[in-house]
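Inside the fold
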Amino acid sequence: MSNEDYIKALKNFDVFLSTPLKEYKEKNYPIGIGYSNVKIHFVHYTSFEEANNKWKERIGRIDKQNLCIWLTNWGGGIDVLESFEKLPFQNKLVFVNRPFPEYKSAVYLRGFEKCEGVGQIYRTKNFWGKRFIDDFNYIEYFNNMKERN
């Protein structure tokens, strides 16, 4: 999803999850359109049917009492940060390319300072295989989520 579509879906999370997807043919991979015309790009699937079945399966596994949402601010836009910060989720993270102390959910990942936004956080950044995301202790964050609620 684009950042804008992701935020739109999260603003109306329950309605978004309960709205059936419709097939949208635009690319050489399946795309589903859901609530409020949010597009979900299923780039790792060969057919819409396969992607839609996986989507339904994954929706069924969501535990709303133990949920963390996160976003990579690809474009670096402040409007995305502001919209994300206002979402009604207790546990949320947005990965950013520079410090933003005014946003509680912002997590600064070093290495993207010269970019407009944050790049591929799962890409390795050195010879030893360390990824950008590894600079943030997400395991500790997940393990302490219940304490924040």
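Look above for the structure.
These notes cover the structure that comes with them.

Rules used in this analysis
- Residues numbered from 1 in each chain as written.
- Predicted model: local features only at pLDDT ≥ 70, side-chain atom pairs only at ≥ 80, totals over all residues.
- Heavy atoms only, no water.
- Helix = DSSP H or I, 4+ residues; strand = E, 2+ residues; numbered from the N terminus.
- Rg over C-alpha atoms; globule rule 2.2 N^0.38 Å.
- Buried < 20%, exposed > 50% of the residue type's maximum accessible area, 1.4 Å probe, protein only.
- Contact = heavy atoms within 4.5 Å.
- Areas by Shrake-Rupley, 256 points an atom, 1.4 Å probe, with all protein chains shown as cover.
- Lys, Arg positive; Asp, Glu negative; His and termini not counted.
- Charge placed at Lys NZ, Arg CZ, Asp CG, Glu CD.
- Salt bridge = Lys/Arg side-chain N within 4 Å of Asp/Glu carboxyl O.
- Pairing = 2+ DSSP bridges.
- Axes fitted to C-alpha atoms, helices over the stretch in contact; angles between N-to-C directions.
- Patch = residues over 30% accessible without salt bridge, like charges linked within 9 Å, V, L, I, M, F, W, Y side chains within 5 Å.
- Right-handed = clockwise from strand over helix to strand, strands pointing away.

Some points on the overall build of the chain
Helix and strand counts for the chain stand at six helices and six strands. Along the chain direction, N to C, the helices and strands of the chain fall in the order α-α-β-β-β-α-β-α-β-β-α-α. The C-alpha radius of gyration of the chain comes to 16 Å, within 12% of the 15 Å expected for a compact globule of 149 residues. With respect to the three principal axes, the spread of C-alpha positions in the chain is 40 × 35 × 30 Å. The 149 residues of the chain split such that 40% are buried. Taking the intrachain contacts of the chain between residues at least 6 apart in sequence as the baseline, contacts between residues at least 24 apart amount to 41%. Entry remark: accessible area of the chain is about 9600 Å², with carbon and sulfur atoms responsible for 49%. Of the side-chain charges in the chain, 23 are positive and 19 negative, and the distance between the mean point of each set is 1 Å.

Section: the pattern of salt bridges
For the structure shown, the criterion picks out eight salt bridges. A salt bridge links Lys8 to Asp5, with the shortest nitrogen-to-oxygen separation between them at 3.9 Å. Of the two residues, Lys8 and Asp5 both sit in helix H1 (residues 3–11), three residues apart, roughly one turn of that helix. In this structure, a network of salt bridges that share partners links the residues Lys54, Glu57 and Arg61.

Structural notes on the sheet that holds strand S2 (residues 31–33)
Spatial ordering of the open sheet is given by S1-S2-S3, a layout of three strands whose pairing is antiparallel. Since the sheet does not close on itself, it has two edges, and those belong to strand S1 (22–24) and strand S3 (39–41), each with one partner. Here the strands of the sheet are splayed against their neighbours by 35° on average, with no regard to which way each runs. Here three bridges tie S2 to S3, and the two strands are oriented antiparallel to one another. Bridging from a neighbouring strand, Ile31 pairs with His41 of S3.

A closer look at a negative patch on the surface
A grouping of Glu4, Asp79, Glu82 and Glu102 is seen on the molecular surface, where their side chains present a negatively charged patch. If you trace the backbone, Glu82 turns up in helix H4 (residues 78–85).

Structural notes on the pairing of strand S4 (residues 69–72)
In the sheet, S4 pairs with strand S5 (residues 92–96) via four bridges, with the strands oriented parallel. Bridge pairing links Thr72 to Phe95 in S5. Handedness of the β-α-β unit built from S4, H4 and S5 comes out right-handed.

Some points on the sheet that holds S4
Strands sit in the order S4-S5-S6 across an open sheet of three strands; the sheet is parallel. Because the sheet does not close on itself, it has two edges, and the strands there are S4 and strand S6 (106–108). Strand-to-strand, the axes of this sheet are offset by a mean angle of 25°, without reference to chain direction. Across the face of the sheet, H4 comes into contact with S4 and S5 while running at roughly 170° to S5.

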